[in-house]
Amino acid sequence: MRRGMLFGLPVLVLLLAGITACSGNLLDRWLAGSMDPVEGELVVPGLAQSVQIRRDELGIPHISAESREDLAFAIGWVMANDRLSQMVGFTLAAQGRLAEMAGEVALPMDLYARSLDLRAISVRQLEASSDELRALLEHFSNGVNAWMAAYAEDMPLDFRLGDFSPEPWTPLNSADVFTMVNLGLGMNLHEEIMALNLAERVGTERLPWLMPIYPDQALPFDEAAKLADLDMAALRGEVAAVDAARAGFERLLMPQGLAASNNWAVAPSHTRDGRSLLANDTHLLISQPPMWMLMHVRTPDMEAAGVALAGIPVPVLGFNGDFAWGATMVMADAQDLFIEQLREIDGVLHYRVQDDWQPAEAREETFHVLGGESVTHTLHRTRNGPLIGAALDAPPVSPVVPPRLALAAEQDERPTYGLAFAWTAYEADDTMDAMFRLGQSRSLEEARTHVRDVRFIHLNMVMADADNIGWQVTGRYPLRGAGTGQLPSPGWVDTWRWQGFADVDAHPSDYSPSAGHVGTANHRTVAPDYPLHMSHSWFAPQRGERVDALLAARDDHDAASMVAMQADRHDALVPAMQSMLRRHAGVIDEAMATLPSRRAAQARDALDLLMNFDGDMAPESAAAAVYGVFFHTLARNTFLDELGPEDSPAWDAFTRMTLLSYSAIQDHLLQREDSPFWNNVNTDRSESKWDIVALSLADAWQYCRERMGRDPANWAWGDLHTYTWQTAATQMKPWLSRTQRWGLSWLDGYLNRGPYPAGGNHNTLNVAGYPLGRDFAVHSIPAMRMVVDFAAEEPLQLVNSGGQSGNPASPHYDDGIEVWLGWQNRTLPFGRDAVQAHYNRLLVLRPAD
């Protein structure tokens, strides 16, 4: 492939920046040839028969073909037109080849991806797929390649800013996208890396206080004891490297361990019209373009509409006329880190197994770097999995590239440490086929047989037909010899190793919910003593509690109540906080009295406002602002003294973990009066919890005054808490050259959108997650909203979190944002006349003679 891109050609970036400063319309005209016409006819070699591509006013396509082969081809054509850059980014990330496009700054991500051996996972998944699916992926690939051939001289902006030509798409590239989705849904690798950062700072005895499991479960002291005799400092470089690579992927808008999503279904007995209801809103990074794209596809024997991923030619969640399905993350612990003892013997890397040393498997990988020389690295694997510290070998070219590794064994015979990664994704299965079959199910009963085969990805699948609803946990769950896997384990001890995987019959499910409804929100959905250990990394319980409370509140639910639930911004933690503050009012008042009089008055004003707060995190609410800022100041006053400074790995890990699972901040607010973290190590006194609470109340009031003025009537949560849609190039800007950063700054208004006031927080159904204690910029949002009302003439309502197109010259680059912000749910019809009226712009692809 030709090499070059936005990161590699500062001169062209500057030129385009100047053009943009004059008029964005000039760039639009320059890029006009990189998109299909919205109406008319195109002759496309490779089709057997004509295909109709209809689009609605937001550019959402309805693709109709006479055969599945032509449909797959046309989906490839449409996806390439709308999201080719996103597709290419996914497959290059999975292959560990981003540096070929982005330069040296992406090398750590490439080292990370190849250390994880992501491409091998894709190969195994494709090989395990059926002949039918591989054939459809081949037709899809042909469609992508036909589009690239037709637009070879008018490629999207990301490619035209440089001299980059994507390679022809293949079925393996689609498997790459599937692999990247699984990596994004896995979170325990990142939690365990963050735990090592924290353990080095506070020690293993205090680490459990920072990693609570759930309000009613004991802190993980037994898990932390595994690490007690290990030298955490010896792992510092490797931990930093893996964390930097994870952060790099996230800047490229590829989520890594993001915890969120809601789904629920209501049985006919609890609906107004006597037919099932299903709702799903998946929570992902706020990004431009969004992760999902919407589409409606049809052949004479198949039809489905829903959300799709660029590179996979079927809706992965949606509705097919008879059956609806939605998903959330289980928060499964399907990844474990094993700390290996390493030693170089006769020039060969060995790792310890009990009291013996075994040679590590080795393979050579060559990395081609834009604007630089190719480099070769040796990657290793132990019995527990690949050693993922290869990124440590990268040269120090930027803050995201860690220093070169120097094994202690090169100096003497003392062992050093490495991190081996065990992951259920290394087991091949036919999940891609199962997902394809699931979307074609004509009933819930049929779907039950298909969903059991979804082992590659860990999901809470909520499903429904007109008369039935159900919930099924998917995935593959390791059986451990000992421990829970919440924290890393010594790899040389057999005790902690995986012993196999749980049978699918052990997975939780409910196909006849006695409550008349079922719902999941990344919370713990089973009792703590459930026989199958799925996780100790559940998200906070409030969203799940809110789902249950709202569903149980009435037995006449309809589509409107589903939409209202998705829009809900009530934080169920507020009454629990108020109850705690009320129970301890005396000691809190005593603590406030020790503050200077002005500060004590501020604390009392904040406390009064919070005690009268209704919990509605509306963007215009002053009480919501004080509540949000109180969490910010409480986090900093409780933990920053021991985990800081703010740019330290420990503080970054701690605040990032608040996005992943039930947080120590929330846990400490409601309990843990005996925590060692209440005492501020920077003062001469010994602070109690109530001293910190009083101080944090005063600080919250002062913060709001400084940011929003002296009059509380003018304070608003949305003035602090905002949505901003940014491209991957913008996310990477801090790590680019000065010239490239300057050029991208000029392009900011052309590429990015926002800020917009935001409501909600991490605990609300209408989620707006942000790292507690760091800032208030929204990190995660409902990336789509779907409601299926089986009683309606047209059951499906579906909204995306942004535009259909990734091309900034397209009118559909950002037109979905206002729809999403305005809660304008949109029906996507199935009836023939309604389809023609809704998707009223027709482009016909005709086969070549």
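Let me begin by describing the structure that accompanies this report. (Residues numbered from 1 in each chain as written. Predicted model: local features only at pLDDT ≥ 70, side-chain atom pairs only at ≥ 80, totals over all residues. Heavy atoms only, no water.)

Attention now goes to the overall build of the chain. Looking only at helices and strands, the chain features 28 helices and 30 strands. A compact globule built from 849 residues would reach a C-alpha radius of gyration of about 29 Å, and the chain, at 27 Å, matches this within 12%. Principal-axis analysis of the C-alpha atoms gives the chain an extent of 85 × 75 × 60 Å. For the chain, with 849 residues in total, the buried portion stands at 65%. Residue pairs in contact within the chain that sit at least 24 positions apart in sequence constitute 75% of those at least 6 positions apart. Only carbon and sulfur atoms are counted for the fraction: they give 49% of the accessible area of the chain, which is about 29100 Å². (Helix = DSSP H or I, 4+ residues; strand = E, 2+ residues; numbered from the N terminus. Rg over C-alpha atoms; globule rule 2.2 N^0.38 Å. Buried < 20%, exposed > 50% of the residue type's maximum accessible area, 1.4 Å probe, protein only. Contact = heavy atoms within 4.5 Å. Areas by Shrake-Rupley, 256 points an atom, 1.4 Å probe, with all protein chains shown as cover.)

Within the element layout of this structure, S489 appears in strand β21 (residues 489-490). We classify S489 as buried; its relative accessible area is 6%. The contacts of S489, once residues within four sequence positions are left out, are K226, L337, F338, I339 and W496.

This part is about the environment of W292. With respect to the helices and strands, W292 occurs in strand β7 (residues 292-299). Spatially, the C-alpha atoms of W292 and V316 are 9.9 Å apart, while their sequence positions differ by 24 residues. With residues up to four places along the chain from it excluded, the contact list for W292 reads R83, T282, L284, V307, A308, L309, V316, L317, A783, M784 and N800. Polar side-chain contacts of W292 include one of 2.7 Å to the side chain of T282. (Polar contact = N/O pair within 3.5 Å; in protein donor to acceptor, adjacent residues only side chain to side chain.)

To continue, consider the sheet that holds strand β8 (residues 302-309). Taken in spatial order, the 11 strands of this open sheet run β1-β30-β2-β3-β7-β8-β9-β10-β18-β19-β23, and their pairing is mixed. Looking along the sheet, the strands with just one partner apiece sit at the ends: β1 (40-44) and β23 (509-510). In the sheet, strand β2 (residues 51-55) pairs with strand β30 (residues 841-847) via 5 bridges, with the strands oriented antiparallel. Within the sheet, the bridge partner assigned to V51 lies in β30 and is L845. Here helix α3 (residues 68-95) sits on the sheet in contact with β1, β2, β3 (61-64), β7, β8 and β30, set at roughly 155 degrees to β7. (Pairing = 2+ DSSP bridges. Axes fitted to C-alpha atoms, helices over the stretch in contact; angles between N-to-C directions.)

As a further point, take the nonpolar core. Counting residues in each nonpolar core, the largest one holds 235 residues, and the members touching the most others are I63 and M463. Per element, the largest residue contribution to this core is 16 residues, and it comes from α3. Apart from residues lying up to four places away in sequence, I63 is in contact with V51, Q52, I53, L71, A74, I75, V78, M295, H296, V297 and R298. Membership of the second largest hydrophobic core comes to 12 residues, among which are V266, V547, M565 and L765. (Core = buried A, V, L, I, M, F, W, Y, C linked by side-chain atoms within 4.5 Å.)

With that out of the way, let us pick up helix α19 (residues 597-611). For an α-helix, 3.6 residues make a turn, and residues three or four places apart therefore share a direction. Between the first and last C-alpha of α19 there are 21 Å, a value that for 15 residues agrees with the 21 Å anticipated at 1.5 Å per step. Within α19 the residues assigned to the buried category are R599, A600, Q602, A603, A606, L607 and L610. Along the axis of α19, the buried positions cluster into a sector of 160 degrees, meaning they face one direction only. Facing away from the buried surface of α19 by more than 90 degrees, the exposed residues are S597 and R598. (Expected span 1.5 Å × (residues − 1). Arc of directions from axis to C-beta.)

Let us look at the packing of helix α20 (residues 622-643) against helix α21 (residues 649-657). Each pair of packed helices can be summarised by the angle the axes make with each other and by the distance between the axes. In the contact formed by α20 and α21, the axes pass within 9 Å of each other and the chain directions differ by 145 degrees. Relative to α21, α20 is oriented so that their crossing is right-handed. Where α20 abuts α21, its residues A635, R636, F639, L640 and L643 lie against A650, W651 and F654. A class-by-class count of the residues in the contact of α20 with α21 yields 7 nonpolar, no polar and 1 charged. (Left-handed = near helix turned anticlockwise from the far one by under 90°. Nonpolar A, V, L, I, M, F, W, Y, C, P; charged D, E, K, R; others polar.)

For the rest of this paragraph, the subject is the sheet that holds strand β24 (residues 517-520). The strand order β24-β4-β5-β28-β29 describes an open sheet built from 5 strands, whose pairing is antiparallel. Both outer strands of the open sheet, β24 and β29 (796-800), are each paired with one neighbouring strand and no more. Along the sheet, successive strands turn relative to each other by an average axial angle of 5 degrees, direction set aside. Pairing between strand β4 (residues 262-266) and β24: 4 bridges, direction antiparallel. Each residue of the ladder has a partner; that of V266, found in β24, is H517.

Applying the stated criterion across every chain, the model contains 40 salt bridges. Between D216 and R524 there is a salt bridge, with the nearest N and O atoms lying 2.9 Å from each other. Taken together, the positions of D216 in the loop between α10 (188-202) and α11 (221-225) and R524 in the loop between β24 and α15 (542-552) put the pair 308 residues apart, joining distant regions of the chain. Here D216 falls in the exposed class, since its relative accessible area comes to 51%. A salt bridge links R476 to D429; the shortest N-O distance between them is 3.2 Å. In this pair, R476 is assigned in the loop between β19 (469-473) and β20 (478-480) and D429 in the loop between β17 (416-423) and α13 (431-439), connecting sequence segments 47 residues apart. Overall, the relative accessible area of 9% leaves R476 in the buried class. Classification of D429 as buried rests on a relative accessible area of 10%. Through salt bridges that share partners, R114, D117, R363, E365 and R381 make up one connected network. (Salt bridge = Lys/Arg side-chain N within 4 Å of Asp/Glu carboxyl O.)

This part covers the packing of aromatic side chains. A complete count under the given rule lists 26 aromatic pairs for this structure. Centroid distance Y723 to W725: 5.9 Å. Interplanar angle 45 degrees. Geometry classified as tilted. Each member of the pair Y723 and W725 is classed as buried. A centroid spacing of 5.8 Å and a plane angle of 50 degrees characterise the contact between Y770 and F776, whose relative ring orientation is tilted. Across the pair, F776 and Y770 agree in class, each one buried. In textbook terms, an aromatic cluster arises when at least three aromatic residues are bridged by ring pairs, as seen for F639, W651, F654 and F677. When the ring centre of F367 is taken as origin, the NZ or CZ atom of R114, which lies over that ring, is 4.0 Å away. A cation over an aromatic ring shows up here: R381 above the ring of Y426, its NZ or CZ 5.4 Å from the ring centre. (Phe/Tyr/Trp six-rings, centres within 6.5 Å; stacked < 30°, edge-to-face > 60°. Lys NZ or Arg CZ within 6 Å of the ring centre and 35° of its normal.)

Three or more residues of α15 are buried, namely Q542, R543, G544, R546, V547 and L551. Looking at the packing, one finds that the buried side of α15 touches β4, β6 (283-285), β24, α16 (559-566), α17 (573-583) and α22 (664-670).

The topology assignment puts L92 in helix α3. Between the C-alpha atom of L92 and that of P166, which follows or precedes it by 74 residues, the distance is 9.7 Å.

This paragraph deals with the packing of α20 against helix α23 (residues 689-708). The interhelical angle for the contact between α20 and α23, taken along N-to-C directions, is 125 degrees, at an axis separation of 8 Å. Comparing their axes, α23 and α20 come out oblique. As for how α20 packs across α23, the hand of that crossing is right-handed. Contact with α20, carried on its side by A625, V626, V629, F630, H632, T633, L634, N637 and T638, involves I692, V693, L695, S696, L697, D699, A700, W701, Y703, C704 and M708 of α23 and no other residues of that element. (Parallel < 35°, antiparallel > 145°, perpendicular 65-115°, else oblique.)

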